[in-house]
Number of protein chains: 2
Amino acid sequence: MVTAARKPETGTPTVYDVAERARVSIATVSRVYRSPDAVRAPTREKVLAAARELGYVPSGSARGLASRTTGILGLCFPDYTDPETDTPGDGDENAATLYADHIIRGMERAARSRGYALLIAASLRDGPTNLVATLAGHVDGFAVMSRTVDAKDLETVSRRMPVVTLAGPAELGHLDNVQVDNRDGQRELTRHLITDHGLTDLAFVGGPADSPDAEERFLGYQDACRDAGLPVPPEPTLRGALTRTAGREAARTLVAGGGPTPGLPQALLLANDQMAVGALEEFAAHGVRVPQDIAVTGFDGIPLGAMAHPPLTTVRQPSRRIGEEAVALLVDRIAAPQRDPRPVVLPVSLVLRASCGCAEPVPAPRRG
Amino acid sequence: MVTAARKPETGTPTVYDVAERARVSIATVSRVYRSPDAVRAPTREKVLAAARELGYVPSGSARGLASRTTGILGLCFPDYTDPETDTPGDGDENAATLYADHIIRGMERAARSRGYALLIAASLRDGPTNLVATLAGHVDGFAVMSRTVDAKDLETVSRRMPVVTLAGPAELGHLDNVQVDNRDGQRELTRHLITDHGLTDLAFVGGPADSPDAEERFLGYQDACRDAGLPVPPEPTLRGALTRTAGREAARTLVAGGGPTPGLPQALLLANDQMAVGALEEFAAHGVRVPQDIAVTGFDGIPLGAMAHPPLTTVRQPSRRIGEEAVALLVDRIAAPQRDPRPVVLPVSLVLRASCGCAEPVPAPRRG
DNA sequence: ATGAAAGCGCTAACAG
DNA sequence: CTGTTAGCGCTTTCAT
C-alpha cells in the first residue's frame, strides 16, 4: 500500500486522509459509506473512527460526479408573495404561495422517505433568472409548477433527465404531469347549488385568464350550467386576481349593482377561497346576509375558510398529495427512463358548510 | 487545437462535446457560463448555439468539485405534521410546521436573491436519518432549526463549513444564531394585561418543557409578574402540546374548576396562537365571554388569530425574517470564515385586538 | 474482503 | 481573448 501522503493534512479531510489514518485504501473508505456490509466489521470501525477524528464529510459533488447521481430532487415554484408583507401575516397571502408551501412539504416528505433531499427555487414574478439551469445540474430529476419556467428550457432539459409538471395542464405532452380535478370539482359544487339548493341565478368570479386552474374551474361551472339546462355564460361574470382584496372588490361591484343583471344573484361562486373570504367580508360590511341573501362558495379548502363567517363551502384539493405524486412519478421514471408519460389527476372533495345554505353542525360561534 | 474527440457523442453532452462542436477549447465553453463578458461575442454565440443544439446542461457536481463551492445553502427543519391529515387542512397543523414554512420561504427568497438555491430536509419526529450527512456534502453552508440535528454532528460539520442555528437558543456557542425575542414579547404582552387592563389574576398555559421557545415565553411571563410585584409562579399554570386541541383542553380544565384556584382567572395567556384559538373555541362553547369574563392572548401572529372570535391579541414574530437573517449570516461567514460568531435577536411586536379587552378595530396602541 | 488505477465534467492557474 | 494542463474527491471496474 503506497497511497503516498498528498498534502500534509491541509484543508478539509478527504477519503485520502481517512484512508491514510485508518491504514486502508481509499476504496475501502468509499465502501464503508456506500455499502457498509461489504467491509469487515473491524475494518469498518477503524475507518469510521478515523473519519470521526478527522471530521470527515463525504463531498456530495465528488460523489455526484463519480456516480452520476446526486440523491437530490428539485422543485421550481412560483413566488408571488409581496416582499413587503412579513409573516405570520394578515391572511391575504396569495393563494398560490400557500399552495406552494403544501406542495413543498409533500415533496420533501415523499423525497426524504425515498432517500432524496429536495432542492427548491422560486421563479420571481419579474426576474427571469434561469431556474432550470440553477437546478438541473444538481438534481436527478425535478418538478416544475405550472408556468414557472420557459417551455423551451424545459423541453431541452427534459431530454436529459426526468421532469414532471405540476398543478397545471400538461404543457409538454411527453412529460409526466400531476394535477387536481379542478373542472370536476367546480362542476360538482355548482351542481350542488343548483340541484340541492334549487338556485338558478348564479354568478362566477374568475381569476386571471392566464391562470389554468381558474380557467378549468370556470369550465366546470359551465358544465354544470349546461347539465342543468341553464344558460351557459361564455365568460366569467367578473374576473380578478386570486386575492382576498379582489374578492372584496367583486362583492362590492355586485352590491353596487355593477353586475350584468340588476340586483344580487342567488349565488356567488368564486375561483378560490381567498376571494370568497374577501367577498364574505364585503357582504357583511354591507349588511348582505350569507347565505340568506346570497350563497357564496370558494375553492381550495384553506383553513381560513373554516374560520370565516359563515364558514365557507368549498372544494378541498389534496395539495400535499400533489407533491407526493410528483416524487413518485420522478422516482419511478428514474428507474425506468423510457416508460410512457403518465398523467395523474387527483380527485377533489366537496366541503359543505354554512355559506351555501347547508346547515352547520357546529355550535354557532359567537359573532365578534 | 487537438482536443481529440472522446466518445462519438454518447450520453449526456459535456463541455468537450460543446467545445468540439463550436470549435473552441473546453476552457472557453466554461468561460461562457462563468463570465460571459470574458469571451468575445461571436465566440460566445457559437458556444451557446452549440450548447443549445446539444441540449447541454452544466453538471453541478463537476462544477462543485472543481470550484469547491456549490451555490447551494441548506436548511434542516423539524417535521411534526401528522402524515394523515391532508392539506389544506383544518387549521390544526402544528405551529412548528407552519412556522417552518415561513422560514423556508424567507430563506429561499433571500438565498435566491444572492444567487443561491436552497436544499431542504426535515428531521422526522422518529426517524433519525443523518440529516447533516445528507445535506452537508452538497452545500456551502446551512441553517438548522432548533433541536433537529444531533449536537455532535453539528459540532463536527461546523468545523468544516458555515452553520447557523435558528429559532432557538444558541446550543453551540461558537455558531451564528438567530432567534426571536420570545421572552421580551411575552413580558410586554403580560405587562399590557397587568398595567393597561389592570388584571392581576393571571394564568399561563405553557408548552412542552422541551420547547425552548415556549420556555422563553414563560420566563417573560415571570418577568412581568415580578416587575409588577405579583407572585412569580415557578411553573406554568398548565402545560400542553402547542396545538389547538391542547388549548381547548386547557380551557376546559379551567372551566371545570381544575385550575389551581377556584373560578376563572382574569386572563389566560397561552404559549402560542394555536392554543389560544382552541381556548377561545372552548370558552365560547361553555358560554364564557371573552374578554368580559376572561382575557385571552396567544403568541406568533398567525392569520387564524385575526379571524378568531373575538380577534386574538398576540405577539407577532417576524418568522420570514428569521430565514432572511440566516442567509445573511451564512453568506457573510462564507465571505469571512473567521469572523466572530454573531447572535441575532429579532424584535417582536404586540398586536392588540379584542381578546384582551382592547377595542376593535384598533389603531394599534403600539406599545413595546 | 481489499487494493490499484482510471476516469466522472468542470474550474483554475498559467501561457501565449 | 483563448488554449493547455492539472487536478477537485469520489466511484468503479478489475485484480488479488
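Predicted model, so just to flag it, every value in this text is computed and none were measured.

1. Structural notes on the protein's contact with DNA strand D
Taken together, 31 residues form the shell around DNA strand D, and within it V15, S30 and Y56 of chain A together with R31 and T43 of chain B come nearest. Counting only atoms of DNA strand D within 4 Å of the protein, the fraction found in sugar and phosphate groups is 65%. Between a phosphate oxygen of DNA strand D and a side-chain N or O atom of R63 of chain A, the distance comes to 2.9 Å. Residue S25 of chain B places a main-chain N or O atom 2.9 Å away from a phosphate oxygen belonging to DNA strand D. Residue composition of the surface near DNA strand D, by class: 16 nonpolar, 8 polar and 7 charged.

2. Focus: the relation of the copies chain A and chain B
By a simple turn and slide, chain A fits onto chain B: the slide is 0.1 Å along the axis, the RMSD is 0.2 Å, and the turn is 180°. Considering both components of the superposition, the chain copies are consistent with a two-fold axis. Both copies present the same face, since 96% of the interface residues in chain A are matched by interface residues at the equivalent positions in chain B.

3. Structural notes on helix α10 (residues 244-255) of chain B
Three- or four-residue spacings in an α-helix give side chains the same orientation, since the helix completes a turn every 3.6 residues. For α10 of chain B, with 12 residues, the first-to-last C-alpha span of 17 Å sits near the 16 Å given by 1.5 Å per residue. Buried within α10 of chain B are the following residues: R244, A246, G247, A250, A251 and L254 of chain B. Along α10 of chain B, the residues classed as buried sweep out an arc of 160° about the axis, all on the same side. Turning to α10 of chain B, the residues buried within the fold contact α12 (303-307) of chain A together with β6 (202-206), β7 (238-239), β8 (267-270), α11 (273-285) and α12 (303-307) of chain B. Phi turns positive one or two residues past the end of α10 of chain B, at G257 of chain B, with a value near 80°.

4. A closer look at empty space enclosed by the protein
The full count for this structure, using the stated rule, is 5 cavities of 30 Å³ or more. Here the second largest cavity defines a volume of roughly 60 Å³. Listing elements by their share of the lining of the second largest cavity, those giving two or more residues are α4 (60-67) of chain A together with α4 (60-67) of chain B. Among the residues forming the lining of the second largest cavity, the class breakdown is 2 nonpolar, 8 polar and no charged.

5. Remarks on the interface of chain A and chain B
Counting residues at the interface gives 72 residues for chain A and 73 residues for chain B. Approximately 6,000 Å² of surface area, both sides summed, lies buried where chain A meets chain B, with 56% of it carried by carbon and sulfur atoms. Inspection of the chain A/chain B interface yields 8 salt bridges. Here D101 of chain B and R105 of chain A are joined by a salt bridge, their closest N and O atoms 3.1 Å apart. Scanning the region where chain A abuts chain B turns up 19 residue pairs in polar contact (both at pLDDT 80 or more).

6. Observations concerning the protein's contact with DNA strand C
Close to DNA strand C lie 31 residues, the nearest being R31 and T43 of chain A together with V15, S30 and Y56 of chain B. Near-protein atoms of DNA strand C (within 4 Å) split between backbone and bases, with sugar and phosphate holding 67%. Contact distances for DNA strand C include 2.3 Å between a phosphate oxygen and a side-chain N or O atom of T43 of chain A. At 3.3 Å, a backbone N or O of A66 of chain A approaches a base oxygen of DNA strand C. If you tally residues by element for the surface near DNA strand C, the top one is helix α2 (residues 26-34) of chain B, at 5 residues. Broken down by class, the residue content of the surface near DNA strand C amounts to 16 nonpolar, 8 polar and 7 charged.

7. Notes on the pattern of salt bridges
This model, assessed by the stated rule, comprises 52 salt bridges over all chains. Its salt-bridge partner being D79 of chain A, residue R105 of chain B comes within 3.8 Å of it at the nearest N-O pair. You can see R105 of chain B sitting in helix α5 (residues 95-113) and its partner D79 of chain A sitting in the loop between β1 (72-78) and α5 (95-113), one on each of two chains. No difference in accessibility class separates R105 of chain B from D79 of chain A, as the two residues are buried. Linking R112 of chain B and E108 of chain B is a salt bridge whose minimum nitrogen-to-oxygen distance equals 2.8 Å. Here the residue R112 of chain B and the residue E108 of chain B both occupy positions in helix α5, the gap between them amounting to 4 residues, near one helical turn. By relative accessible area, E108 of chain B is classed as buried at 3%. Taken together, the shared-partner salt bridges connect D79 and D101 of chain A together with R105, E108, R109 and R112 of chain B into one network.

8. A few points about the packing of α10 of chain B against α11 of chain B
Residues and elements named next belong to chain B. It is the contact of α10 with α11, at a shortest axis distance of 6 Å, that shows an interaxial angle of 45°. Taken together, α10 and α11 sit at an angle that is classed as oblique. The crossing of α10 and α11 is right-handed. Residues R244, A246, G247, R248, A251, R252 and V255 of α10 touch α11, and the partners they reach there are Q274, M275, V277, G278, A279, E281, E282 and F283.

Thresholds applied
- Residues numbered from 1 in each chain as written.
- Chains lettered and ligands numbered in written order.
- Predicted model: local features only at pLDDT ≥ 70, side-chain atom pairs only at ≥ 80, totals over all residues.
- Heavy atoms only, no water.
- Near = heavy atom within 4 Å.
- Polar contact = N/O pair within 3.5 Å; in protein donor to acceptor, adjacent residues only side chain to side chain.
- Nonpolar A, V, L, I, M, F, W, Y, C, P; charged D, E, K, R; others polar.
- Least-squares fit on C-alpha atoms with pLDDT ≥ 70 in both.
- Contact = heavy atoms within 4.5 Å.
- Helix = DSSP H or I, 4+ residues; strand = E, 2+ residues; numbered from the N terminus.
- Expected span 1.5 Å × (residues − 1).
- Buried < 20%, exposed > 50% of the residue type's maximum accessible area, 1.4 Å probe, protein only.
- Arc of directions from axis to C-beta.
- 1 Å grid on protein atoms, 1.4 Å probe; cavity = no way out; pocket = protein on both sides within 12 Å on 5 of 7 lines; lining within 4 Å.
- Points joined across faces, edges and corners; volume = space filled by probe spheres on them.
- Buried area = accessible area lost by both parts, 1.4 Å probe.
- Salt bridge = Lys/Arg side-chain N within 4 Å of Asp/Glu carboxyl O.
- Axes fitted to C-alpha atoms, helices over the stretch in contact; angles between N-to-C directions.
- Parallel < 35°, antiparallel > 145°, perpendicular 65-115°, else oblique.
- Left-handed = near helix turned anticlockwise from the far one by under 90°.

Spatial relationships are all this shows, so hold off on functional conclusions.
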